[in-house]
Amino acid sequence: MDSTKFNSLKNQVQEIIDLMAKKAFVDAQYKLLDASEFLDEILDFATLDDELIEISKYQVLLNQLQQKIDQALA
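As the structure is a computational prediction, the values presented were derived from the model and not from experiment. (Residues numbered from 1 in each chain as written. Predicted model: local features only at pLDDT ≥ 70, side-chain atom pairs only at ≥ 80, totals over all residues. Heavy atoms only, no water.)

Asker: Looking at this model, I keep getting lost on helix 3 (residues 49-73). Mind explaining?
Answerer: Note: α-helices contain 3.6 residues per turn, so residues at a spacing of three or four share the same orientation. Its 25 residues place the ends of helix 3 36 Å apart at the C-alpha level, agreeing with the 36 Å of an ideal helix rising 1.5 Å per residue. Next to the buried residues of helix 3 lie helix 1 (3-21) and helix 2 (25-45). (Helix = DSSP H or I, 4+ residues; strand = E, 2+ residues; numbered from the N terminus. Expected span 1.5 Å × (residues − 1). Contact = heavy atoms within 4.5 Å.)

Set out below in structure tokens:
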């Protein structure tokens, strides 16, 4: 498993959370789109079960962050 990809994704998720804490929901939404695209790229090349498990965790987390952003912007 390539941990550098997941470390990069972890950093992107932390940036999203930090932006949400600052009430910068529009910026957080843009970052979330970038992170989702990056996650999709990782998924395209994932072959190991460990990678797929880690990807699914991030998919759930990004979906929950998207819901929170949507609620804040509504």
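What follows picks up the thread again.
Asker: How should a nonpolar patch on the surface be read in this particular structure?
Answerer: There is a patch of nonpolar side chains on the surface, built from V26, Y30, L33 and L73 and spanning about 390 Å² of accessible area. Looking at the nonpolar patch element by element, the count peaks at 3 residues for helix 2. Tracing the sequence through the fold places Y30 in helix 2. For Y30, a relative accessible area of 55% gives the class exposed. (Patch = residues over 30% accessible without salt bridge, like charges linked within 9 Å, V, L, I, M, F, W, Y side chains within 5 Å. Areas by Shrake-Rupley, 256 points an atom, 1.4 Å probe, with all protein chains shown as cover. Salt bridge = Lys/Arg side-chain N within 4 Å of Asp/Glu carboxyl O. Buried < 20%, exposed > 50% of the residue type's maximum accessible area, 1.4 Å probe, protein only.)

Asker: Before we go on, may I ask you to explain the nonpolar core in this structure?
Answerer: For soluble globular proteins, the rule of thumb is that nonpolar side chains tend to be buried together. Membership of the largest hydrophobic core comes to 19 residues, with the highest contact counts inside it found for I16, M20, L62 and L65. Elements with a minimum of two residues in this core: helix 1, helix 2 and helix 3. Excluding residues that lie within four positions of it along the chain, M20 makes contacts with F25, A28, L65, K68 and I69. (Core = buried A, V, L, I, M, F, W, Y, C linked by side-chain atoms within 4.5 Å.)

Asker: Looking at this structure, I do not really get the side chain of E51. What am I missing?
Answerer: Examined against the element boundaries, E51 turns out to sit in helix 3. With no salt bridge to any partner, buried E51 finds its closest opposite charge in K5, at an N-O distance of 5.9 Å. A distance of 3.0 Å separates a polar atom in the side chain of E51 from the backbone nitrogen of T47. (Lys, Arg positive; Asp, Glu negative; His and termini not counted. Polar contact = N/O pair within 3.5 Å; in protein donor to acceptor, adjacent residues only side chain to side chain.)

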